[in-house]
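Fold and contact review
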Amino acid sequence: AAAASAWAGAAGQGAAPAPCDAGATFLLSARAGEATTEEADSLPPSMVIFCVDISASMSTTLKLEAGGSATRLQCVQAAIAQQLEDLQRLHPESVMVLVTFGATVCVYADGGERCSLSPRSHGDEAALLAKGAELRGRCSEPASAAADRLRSTVRELRPSGNTALGPALAVAVGMAAGSFSSKIVLCTDGMANNGVGAIGAKDQRCPFYEDIARRAAEEGTCISVVTMEGEDCSMENLGVCADLTGGRVEMVDLRSLTGKLGTLLGDAIMGSGVQLSVIAGRGVSLPGEAPGGRPGGACVAQRALGAATASTCATFALDASPGDLPEVADDGQAAIPVQVQLRYTRPNGEQVLQVMTSRRRLSSNREEAEADIDGVAVGLAGIHAAARLAQRGEYRAARMELISVCRLLQRAMRTTAHQEAYLCFVVQAEKLDGFMRERELQDSVFGAGAGGAQRGRDDDASRSMYQMKNLSARDFTARV
């Protein structure tokens, strides 16, 4: 995981860039509860679980650009078949599992065994998790042996029934537990309406999804969610699963689904259960972060990131309190220590603590402090902060954050790199600001109180909130 730091100066005090040391990496445990090399080498291979909606609505027909037509399910079948082929070629040791859900949930185990769950169990989360754990031992064939059979199984799927999404997700989480760096890809075109996780209305907040996501994160499982453009799937609820586990949310035109699935599965998980801790010296606070105490006057904040890939980015801002800061010497050597600690589990089961320390030099001159900012870090931090505010319904504060960062980037624009970072920021900020302007107008006409922060937020807006608060530097600079 990459941690980018954005500095916010206050009341005449600023922080100039300072180098970050190379840090140190500590091996906390060779494997949770075990320590031998032989046992560490015998970790179960990671799983890729495709959780596919085959409810009746998946029979809806779409027109293809090249002519002809195909159902939603046929588009999903083609996309998954392609991913099975890619996984067989690139990761032949991984375990691939297919879970389908309509009126019933079905797991396709080793040798083509078809394991259907009793509908009576759909309302019992504990029983579903236990069933998943039981089936784990019957789903161990590597991709090199199972891919061809699974492609045939996928081709034969037929739509029927309602949407037992919650039960299927619970079983998948139970199956993935114990296999480090496993991924669940959930594909659906509608709201869950059968068993645990059933959603009665799009504004309804369902605690099941947060509970199951936290359980998955603890087990090192990453959940990504793919829904269909133009359909209401209650992304406010489903997006939590990706948000808490380090996954991604996508709302796609089914005709481009193959590329999206490839992106979701292409980034290898480098660490799971990632916990980020930031410790800043006296006189500094970390706005927007859950407080972790002030030992010795320092400010401590912690954040759970779930699973992390090479493109994962986390940003934080430092806010200075002038009265508590050390005096700025004539030589400008006064500085504030900032330490970032990353605690995570590697795919081989090793538990690791990575520590990086930087001393942020102080300056009483704003022009000097802004002379050589990292435009990408500042812009990305602004997008993250605004998205978190918007998700809580604080649209005015979110828009003010975007305006403040925009002005900072304009003032500090001295190089071509600064110009590029500014343009990237404008592209991403506009995606957020358009929705927030519309929402503020609605609140001014109909009132801002009823229904909470999520009232009236459609799936497209919810998806944008989740994507922007976890936007990577790679996607930020891509300007798409």
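Everything quoted here is computed from the prediction, not taken from an experiment.

Calculation criteria
- Residues numbered from 1 in each chain as written.
- Predicted model: local features only at pLDDT ≥ 70, side-chain atom pairs only at ≥ 80, totals over all residues.
- Heavy atoms only, no water.
- pLDDT = per-residue confidence, 0-100.
- Contact = heavy atoms within 4.5 Å.
- Buried < 20%, exposed > 50% of the residue type's maximum accessible area, 1.4 Å probe, protein only.
- Helix = DSSP H or I, 4+ residues; strand = E, 2+ residues; numbered from the N terminus.
- 1 Å grid on protein atoms, 1.4 Å probe; cavity = no way out; pocket = protein on both sides within 12 Å on 5 of 7 lines; lining within 4 Å.
- Points joined across faces, edges and corners; volume = space filled by probe spheres on them.
- Pairing = 2+ DSSP bridges.
- Axes fitted to C-alpha atoms, helices over the stretch in contact; angles between N-to-C directions.

1. Here's the deal with the confidence of the model for the chain
When pLDDT is averaged along the chain, the result is 85; 86% of the residues meet or exceed 70. For residues 1–18, every residue scores under 50 in pLDDT, and the model assigns this stretch 61 contacts once sequence neighbours within four places are set aside. Below pLDDT 50 for its whole length, residues 35–41 participates in six contacts with residues either more than four positions away or in separate chains.

2. Some words on helix α7 (residues 235–245)
Along α7, ten of the eleven residues are buried, which leaves the element largely enclosed by surrounding structure. Buried within α7 we find Met 235, Glu 236, Asn 237, Leu 238, Gly 239, Val 240, Cys 241, Ala 242, Asp 243 and Thr 245. On the buried face of α7, the contacting elements are α5 (165–176), α6 (207–218), β11 (222–228), β12 (249–252), β15 (299–309) and α13 (459–469). Remark: Gly 246 follows α7 within two positions and exhibits a positive phi of approximately 85 degrees.

3. Quick notes on empty space enclosed by the protein
All chains considered together, the criterion is met by three cavities of 30 Å³ or more. Counted as a void, the largest cavity has a volume near 50 Å³. Lining of the largest cavity is provided by Met 96, Val 97, Tyr 108, Ala 109, Asp 110, Cys 139, Glu 141, Ala 146, Arg 149 and Leu 150. Put simply, the parts of the chain that give the lining of the largest cavity at least two residues each are β7 (95–101) and α4 (143–155). Considering each element in turn, the lining of the largest cavity owes the most residues, three residues, to α4.

4. Focus: the sheet that holds β7
Reading across the sheet, the seven strands line up as β9-β8-β7-β4-β10-β11-β12 and stay open at both edges, with mixed pairing between neighbours. Strands with a single pairing partner mark the edges of an open sheet, and in this sheet they are β9 (114–116) and β12. The mean inter-strand angle of the sheet, taken between neighbouring strand axes irrespective of direction, is 20 degrees. In the sheet, strand β4 (residues 47–53) pairs with β7 via seven bridges, with the strands oriented parallel. In the strand pairing of β7, Met 47 is matched with Val 95. The strands that α4 touches are β7 and β8 (105–108); relative to β7, the one it contacts most, it runs at about 20 degrees.

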